[in-house]
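One-letter residues, chain by chain:
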Amino acid sequence: MGKKATFLYLDFLSVLFTAALAVLTIVVGIGSHNNPHQGILLPIMGLGMIPLMVANLLMMLYWTIRWKMWIWIPVIAIAANYEYISAKYQFSFKQLPPIAKNRLIRVGSLNVESFHGDPSVYSVGEVTELMRDYQVDVVCLQEFSENSFFSIDSINAVFKEYPYVAIYKNKHEGFDLAIYSKFPIENKAGILFNSSNNDAMWVDIKVGHTPVRVFNCHLQTTNFNQTKDLLRKVTVAGFYESKKEAIREIMLRMGANAQKRADQADKLYQIVDTTKSATIVCGDFNDTPTSYSYYRMKEKLQDGFQSAGSGFESTFRYLHRLLRIDYIFHSKELAGRSYYSPSFDFSDHNPVIMELGLKKE
């Protein structure tokens, strides 16, 4: 085979790879937010959207350097996933909408990981100091926990700037939910998720004279730590069959948890859909912006990061901080003013803090 023929053959393989990569990216991008009860493969593959997008960017750069028309293939793949990109990155210039006077509310959400398993005036105080620094009005905590030495009354005393408290007790230790508020809490209720350690809750408050319902959610965990342990054991064992079986076990676990989150998102959506007041939904969803859970919430609500955030957004502190799994959503009656996810070396999650305002009628 001559040099020209070799070059043409390699060129053909490059085009074929570019096209295959683009098709895979589009299929995963569209299919990953399907209900995982219809199949778990694409929802799991959706976790790899960032590597897929980076690969398409590299192919775009490759064809740009070569000045070939095939550049449009990765461009189309990237453009087809604009919704995902906008859920991960936002430009900083945004025009703030007009807000009714004295109708602002700042909400903070954080998975406190049971206060390191040792709630105390020091560990709880780290959280209250953060919320104070960001002037948060309503604090939503997941994996809230007390112990025999530091009870809920003691924790409430540290949260003394928040006179109104609602706590939803879970049947499993370390999985309680809590909402601390500077606004009076008028109603509250828990949302029990069947066959799960996780749950959700809501409270009704008033911002000015306008009722607002705030949801605090903790959807089914990913069991990431258990999966890491399983992979570590298999790596040490060094047997191919063990690896194959481990991969199958990991896929089954991830699929089962994704299905649970889908059911929980459906139940949550049904309550949100019947809520007549302005609505804020926040918490640890344990799901990325490619997921069914995320898109289920977007059917009714707006993603706070898309409406008020800027830069690259991630909330999970492991896996090179690439994953965004904590959110604040809001209804159309509310407008985003700012959205932050500051680095906070406290748990495996960073907090999410958002300022919203009631729109002028």
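Now for a quick tour of the structure. (Residues numbered from 1 in each chain as written. Predicted model: local features only at pLDDT ≥ 70, side-chain atom pairs only at ≥ 80, totals over all residues. Heavy atoms only, no water.)

1. A word on the packing of aromatic side chains
In step 1: Tallied over the entire structure, the rule returns 16 aromatic pairs.
In step 2: Relative to Y327, the ring of Y294 lies with its centre 5.5 Å away and its plane at 45°, an arrangement referred to as tilted. With Y294 in helix α11 (residues 292-298) and Y327 in strand β12 (residues 326-330), this pair connects stretches of sequence that are 33 residues apart.
In step 3: A relative accessible area of 1% places Y327 in the buried class.
In step 4: The structure contains a cluster of three or more aromatic residues connected by ring pairs, namely F115, F144, F159, Y162 and Y180.
In step 5: A cation over a ring is seen here: R296 above Y269, with NZ or CZ 4.0 Å from the ring centre. (Phe/Tyr/Trp six-rings, centres within 6.5 Å; stacked < 30°, edge-to-face > 60°. Helix = DSSP H or I, 4+ residues; strand = E, 2+ residues; numbered from the N terminus. Buried < 20%, exposed > 50% of the residue type's maximum accessible area, 1.4 Å probe, protein only. Lys NZ or Arg CZ within 6 Å of the ring centre and 35° of its normal.)

2. Some details on the layout of surface pockets
In step 1: Estimates place the volume of the second largest pocket at around 240 Å³.
In step 2: I50, M53, V54, L57, I78, Y84, I85, K88, Y89, F312 and L322 are the residues that line the second largest pocket.
In step 3: Looking at the lining of the second largest pocket, the elements with two or more residues in it are α3 (49-66) and α5 (82-88).
In step 4: A total of four residues in the lining of the second largest pocket trace back to one element, the largest contributor, which is α3.
In step 5: Looking at side-chain class alone, the lining of the second largest pocket contains 10 nonpolar, no polar and one charged residues. (1 Å grid on protein atoms, 1.4 Å probe; cavity = no way out; pocket = protein on both sides within 12 Å on 5 of 7 lines; lining within 4 Å. Points joined across faces, edges and corners; volume = space filled by probe spheres on them. Nonpolar A, V, L, I, M, F, W, Y, C, P; charged D, E, K, R; others polar.)

3. Things to note about the pairing of strand β8 (residues 210-218)
In step 1: Counting buried positions over the nine residues of β8 gives seven, a clear majority of the element.
In step 2: Examined bridge by bridge, strand β7 (residues 199-207) and β8 share nine bridges and lie antiparallel to one another. Bridge pairing in β8 places I205 opposite V212.
In step 3: Hairpin connection between β7 and β8: a loop of two residues separates the two successive antiparallel strands, and G208 in this loop has a positive phi of roughly 70°. (Pairing = 2+ DSSP bridges.)

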